[in-house]
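# Coordinate inspection notes
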Amino acid sequence: MRTKIWTMEEGLSGAVEALRQKETVAFPTETVYGLGADATSKEAVSKIFKAKGRPADNPLIVHIGERSQLSAIASSWSETAEKCMDAFWPGPLTVIVPSNHEAAPNVTSNLDTIGVRMPDHPVALELLSKAGVPIAAPSANSSGKPSPTTAGHVYEDLNGKITGIVDGGPTGVGVESTVVDCTSEVPVILRPGGITKEDLERVFGEVQVDPALEGAGDRPKSPGMKYRHYAPDVPLWLVEGDDGRFVTALKYYKEEGKKIGVIASRELARKLDHEPLVECGSREDMGEVAGGLYSALRSFSDTEIDLILCETFKEAGMGTAVMNRLRKAADHTVV
Ligand code: TXA
Ligand code: MG
């Protein structure tokens, strides 16, 4: 299969037609590129799993363009869910609500709940509205790789495996949506993302976090969170401590003869005299770091370096999602 790339000038008719034909289409959202297919068709959804090499027990998020589409896939929703949608849709927040089992069974991995979100991106919203059906869409990367924030990243991973890619330029937020279990009164964060815990607390007062996210031994409630994820092609180690400690660690591993690639904030980068180095934004603006993170993780190849060293960030605001992704990408290796 040759993967088609649709430019903005070409419009969305080719992509809409492919979705109607139960094919797979990658498209931009405000977080990362998604790999979409008709959520009501088991055959279409199975193509997503196949192209990504995604484990079947990891359910997909369904994307809708209008609130009225919710009743097509959810049996009911709580006041908690309603408040989330009022406050954060369209936007990077996925609500987990009871499923009415109208979505194909492989969308939810046979769970009784379903994840739904309305993305805040003009191209995604236009595509959803023209497709006229709810669209299941995980991130458009090969399973285990960093999520794609450009059409080029999608092409790198999925060329030849999907029907087409709508190229809407780089995405903005850079990390995926926050997944929030809305089946009880107090919302529970299952995956940190583009809407921060602090944002949710402003609406709800009390917000819980799935204990599995904070290192407790529990099995995560969001099935996808148990997998190694976001992994670059080269081993990644996180360096804890201040900038002086990073300088020392870098010198130490270089002296060991390792070819090192560095991912650093602008502030740390200024203190290092090292190549190759990829800057991922200012540590004073974790939104900027989130935006540059996946691209940075994809920028090193194992033919050039042996090890990536990356600094660690404060786990507050968007820093929580950034550190969640970095820990997974590093397989929890912190030095
Ligand atoms: O920003 C995003 O959310 C992107 C864009 C494309 O919308 N999508 C995305 O999808 O990140 P994906 O498949 O890569 O991640 C979906 C996450 C997984 O961790 C999955 O386990 C969880 O949502 N999830 C989906 N349905 C669930 C459910 N019913 N209960 C608990 N977790 C669920
Ligand atoms: Mg993903």
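Here, the structure is the one placed above.
Computed from a predicted structure; not experimentally measured.

Our focus in this paragraph is the pairing of strand β10 (residues 188-191). Sheet analysis places strand β9 (residues 178-181) next to β10, joined by three bridges and oriented antiparallel. Note that in β10 the partner of Val 180 across the bridge is Ile 189. Hairpin connection between β9 and β10: a loop of six residues separates the two successive antiparallel strands. Both β10 and strand β11 (residues 208-209) contribute to a ladder of two bridges, which runs parallel. Bridging from a neighbouring strand, Val 188 pairs with Gln 208 of β11. Remark: the β10/helix α6 (residues 197-204)/β11 crossover connection has right-handed handedness.

Moving on: the nonpolar core. In terms of nonpolar packing, the biggest core is built from 44 residues, with Leu 93, Val 95, Val 107, Val 116 and Leu 200 touching the most fellow members. Those elements giving two or more residues to this core turn out to be β3 (34-38), α2 (42-52), α3 (79-88), β5 (93-98), β6 (113-117), α5 (151-158) and α6. With five residues, the top contributor of residues to this core is α2. Residues in contact with Val 107, not counting those within four places in the same chain, are Ala 39, Val 45, Pro 59, Leu 60, Val 62, Ile 114 and Ala 136.

Moving on, we get to the environment of Asp 157. Residue placement: Asp 157 occurs in helix α5. The class of Asp 157 is buried, set by a relative accessible area of 12%. Along the sequence, Asp 157 and Ala 140 sit 17 residues apart, while their C-alpha atoms lie 8.2 Å from each other. What Asp 157 contacts, discounting residues up to four positions off in sequence, is Asn 141, Ser 142, Lys 145 and Arg 298. Within polar-contact distance, the side chain of Asp 157 engages the backbone nitrogen of Ser 142 at 2.8 Å.

On to the sheet that holds strand β13 (residues 260-264). Ordered in space as β12-β15-β13-β14, the four strands form an open sheet in which the pairing is parallel. Edge positions in the sheet fall to β12 (236-239) and β14 (277-279), since each of these pairs with one other strand and no more. Across the sheet, the mean angle from the axis of one strand to that of its neighbour is 20 degrees, orientation sign disregarded. Bridge count between β13 and β14: three bridges; the pairing is parallel. Residue Ile 263 lies in a different strand from β14, and its bridge partner there is Val 278.

Next up on the list: the packing of aromatic side chains. Counting across every chain of the model gives three aromatic pairs. Centroid distance Trp 237 to Tyr 253: 5.3 Å. Interplanar angle 80 degrees. Geometry classified as edge-to-face. Placement of the pair is Trp 237 in strand β12 and Tyr 253 in helix α7 (residues 243-255), with a sequence separation of 16 residues. The exposure class of Trp 237 is partly exposed, given its relative accessible area of 23%. Aromatic pair Tyr 252 and Tyr 253: ring centres 5.2 Å apart, planes at 85 degrees, arrangement edge-to-face.

On to the pairing of β3, then. β3 sits mainly inside the fold: five of its five residues count as buried. Where strand β2 (residues 25-27) lies against β3, three bridges are found, and the strand directions are antiparallel. Bridged to Val 25 within β3 is Gly 36. Between β2 and β3, which pair antiparallel in sequence order, lie six residues. Where β3 lies against strand β7 (residues 135-136), two bridges are found, and the strand directions are antiparallel. Bridging from a neighbouring strand, Asp 38 pairs with Ile 135 of β7.

Another aspect to go through is the environment of Ile 195. The residue Ile 195 is located in the loop between β10 and α6 in this model. Owing to a relative accessible area of 10%, Ile 195 belongs among the buried residues under this scheme. Spatially, the C-alpha atom of Ile 195 lies 6.9 Å from that of Ser 177, the residues being 18 residues apart in sequence. Discounting chain neighbours no more than four positions away, the residues touching Ile 195 are Phe 88, Pro 92, Leu 93, Thr 178 and Leu 200.

Turning our eyes to something else, we now look at the site of ligand 1. Neighbouring ligand 1 are 26 residues; Thr 31, Asn 58, His 63, Ser 177 and Gly 224 lie closest to it. One of the side-chain nitrogen or oxygen atoms of Thr 113 is found 3.0 Å away from a nitrogen atom of ligand 1. One of the side-chain N or O atoms of Arg 117 is found 2.9 Å from an oxygen atom in ligand 1. For ligand 1, whose unbound accessible area comes to 690 Å², protein coverage reaches 98%. Elements that contribute at least two residues to the shell around ligand 1 include exactly β4 (61-63), β6 and β10.

This brings us to helix α4 (residues 122-131). Inspection of α4 places Val 123, Ala 124, Leu 127, Leu 128 and Ala 131 among the buried residues, and these make up the whole buried set. One face of α4 carries all of its buried residues, which in axial projection span an arc of 130 degrees. Positive phi appears at Gly 132, one or two residues downstream of α4, with a value of about 75 degrees.

So, how was this worked out
- Residues numbered from 1 in each chain as written.
- Chains lettered and ligands numbered in written order.
- Predicted model: local features only at pLDDT ≥ 70, side-chain atom pairs only at ≥ 80, totals over all residues.
- Heavy atoms only, no water.
- Pairing = 2+ DSSP bridges.
- Helix = DSSP H or I, 4+ residues; strand = E, 2+ residues; numbered from the N terminus.
- Right-handed = clockwise from strand over helix to strand, strands pointing away.
- Core = buried A, V, L, I, M, F, W, Y, C linked by side-chain atoms within 4.5 Å.
- Buried < 20%, exposed > 50% of the residue type's maximum accessible area, 1.4 Å probe, protein only.
- Contact = heavy atoms within 4.5 Å.
- Polar contact = N/O pair within 3.5 Å; in protein donor to acceptor, adjacent residues only side chain to side chain.
- Axes fitted to C-alpha atoms, helices over the stretch in contact; angles between N-to-C directions.
- Phe/Tyr/Trp six-rings, centres within 6.5 Å; stacked < 30°, edge-to-face > 60°.
- Near = heavy atom within 4 Å.
- Areas by Shrake-Rupley, 256 points an atom, 1.4 Å probe, with all protein chains shown as cover.
- Arc of directions from axis to C-beta.

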